[in-house]
Amino acid sequence: MSTHRRILFAASITWLGRFVSLALGLMLIPVLFRHMGQEELGLWFLLGQSGAFLALMDLGVSPTLTRRIAFAKGRSGGDAGVALNEATRAETGELVATGRVIYRFLTLGVFIIAWTTGILFLDQIELKQIDHQTLWIAWTVMCLSHALSVWAALWSCLLQGT
C-alpha cells in the first residue's frame, strides 16, 4: 500500500471513529433522559464532562513523545516497513524509558489533583436522592480510570510514533 493510501486510510478511519462516537452519544442522551432522575442525570453529565478537564492534564507530553519517536524511526529510513537500525532502537528505548518515568509522575499527579479538586467541589453540591458516599465512589472510580489511561498513553505514543 502506498504512503498516500495509508494516510487516506488512517484519516478516514479517524473521521469514521469520530462520527460513530458522536452518533452513539446522540443516541444515548434520550435513553438517559428516559431512565434517570433529574439529579442522577445532572451528575452523569457533570462527571462525564470532567473527562475533558482530565485530558488537559497530559500537558502535551503525548504529542511530543509521539513526534520524537517518529523522528527516531525516520532516521532508519522513510519507508513504513523498514527495519530499525541499532541507533534507532537505542534512541527509541531511551525515549520509552524517559516516557515511562514521566507518565508515572503524570499518573500520580492526575489522580491526586483530579480527586482532591473533585471531592472539594462535589462536597458543595446539595443532593436529595443520592448520598455523597455514592457520588464519591463514582468520582474515585472515574479518576482512577483516567489515571490509568494516562499511564497507558506511553504505549499509544510508541504505536503511533512507529
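Look a little higher up for the structure.
Numbering of residues begins from 1 in every chain and follows the order in which that chain's sequence is written. Only residues with pLDDT of at least 70 are given local features in this predicted model, and only at 80 or more are side-chain atom pairs given and counted; all residues enter the totals for whole chains, interfaces and linings. As a convention, hydrogens and water are excluded, and side-chain values are obtained from all of the structure's heavy atoms.

K.L.:
Provide a residue-level description of the overall build of the protein chain, including the pertinent values.
P.N.:
Across its full length, the protein chain holds five helices and zero strands. Labels follow the DSSP assignment, with helices taken as runs of H or I lasting at least four residues and strands as runs of E lasting at least two, numbered in each case from the N terminus. The helix and strand sequence of the protein chain, counted from the amino end, reads α-α-α-α-α. With the C-alpha coordinates of the protein chain rotated into their principal frame, the extents come out at 65 × 35 × 15 Å. When accessible area is computed with a 1.4 Å probe and restricted to protein chains, residues below 20% of their type maximum are described as buried, those above 50% as exposed, and intermediate ones as partly exposed. Here the protein chain holds 162 residues, and 27% of them are scored as buried. Any two residues having at least one pair of non-hydrogen atoms within 4.5 Å are treated as being in contact. A separation threshold of at least 6 residues defines the contact pool for the protein chain, and within that pool the share at least 24 residues apart is 69%. Only the protein chains shown count as cover for residues, and all accessible areas are computed by the Shrake-Rupley method using a 1.4 Å probe. In the structure as shown, the protein chain presents an accessible area of about 11200 Å², 69% of it carried by carbon and sulfur atoms. The centroid of the 12 positive side-chain charges in the protein chain is displaced by 15 Å from the centroid of its 10 negative side-chain charges. The charge count includes Lys and Arg as positive and Asp and Glu as negative, but it does not include His or the ends of the chains. Where a charge sits is defined by one atom per residue type, namely NZ (Lys), CZ (Arg), CG (Asp) or CD (Glu).

K.L.:
Please give an account of the packing of helix α3 (residues 61–74) against helix α5 (residues 132–161) that cites residues and values.
P.N.:
Think of two packed helices as two axes; the pair is described by the angle between the axes and how far apart they sit. Between α3 and α5, whose axes approach to 8 Å, the crossing angle comes to 35°. The hand of the α3/α5 crossing is right-handed. Every residue of α5 that contacts α3 at Ser 62, Leu 65, Thr 66, Ile 69, Ala 70 and Lys 73 is listed here: Ala 153, Leu 154, Cys 157, Leu 158, Gln 160 and Gly 161. Throughout, the ten residues Ala, Val, Leu, Ile, Met, Phe, Trp, Tyr, Cys and Pro are labelled nonpolar, Asp, Glu, Lys and Arg are labelled charged, and all others, Gly among them, are labelled polar. Residues of the contact of α3 with α5, tallied by class, amount to seven nonpolar, four polar and one charged. Note on geometry: axes are C-alpha line fits, over the in-contact stretch for helices, and angles between N-to-C directions span 0 to 180 degrees. Should the near helix be turned counterclockwise from the far one by less than a right angle, the crossing is left-handed, whereas a clockwise turn marks it as right-handed.

K.L.:
Which residues make up the packing of aromatic side chains, and what are the values?
P.N.:
Stacked, edge-to-face and tilted labels apply to pairs of Phe, Tyr and Trp rings (six-membered ring for Trp) whose centres lie within 6.5 Å, assigned for plane angles under 30 degrees, over 60, and everything in between, in that order. Under the definition given, this model contains two aromatic pairs. Taking 6.5 Å as the distance between ring centres and 20° as the angle between the ring planes, the aromatic pair formed by Phe 111 and Trp 115 counts as stacked. Here Phe 111 pairs with Trp 115, and both are found in helix α4 (residues 86–122), just four residues apart, close to one helical turn. Given a relative accessible area of 22%, Phe 111 falls into the partly exposed group. Two limits define a charge over a ring: the Lys NZ or Arg CZ must be within 6 Å of the ring centre, and within 35 degrees of the ring normal. In this structure, Arg 18 packs its charged tip against the face of Trp 15, placed 5.3 Å from the ring centre.

K.L.:
Any details on the pattern of salt bridges? Residues and values, ideally.
P.N.:
The working definition used for a salt bridge is a side-chain nitrogen of Lys or Arg within 4 Å of a carboxyl oxygen of Asp or Glu. Under the defined criterion, the tally for this structure stands at three salt bridges. Glu 91 is the salt-bridge partner of Arg 75, the closest N and O atoms lying 2.8 Å from each other. With Arg 75 in the loop between α3 and α4 and Glu 91 in helix α4, the pair connects residues that are 16 residues apart, well separated along the chain. What makes Arg 75 exposed here is its relative accessible area of 54%. Under the relative-accessibility criterion, Glu 91 is labelled partly exposed at 22%. Lys 128 is paired through a salt bridge with Glu 126; the nearest N and O atoms lie 4.0 Å apart. Of the residues examined, Lys 128 reaches a relative accessible area of 71% and is grouped as exposed.

Everything listed here is a matter of geometry and, on its own, says nothing about what the molecule does.
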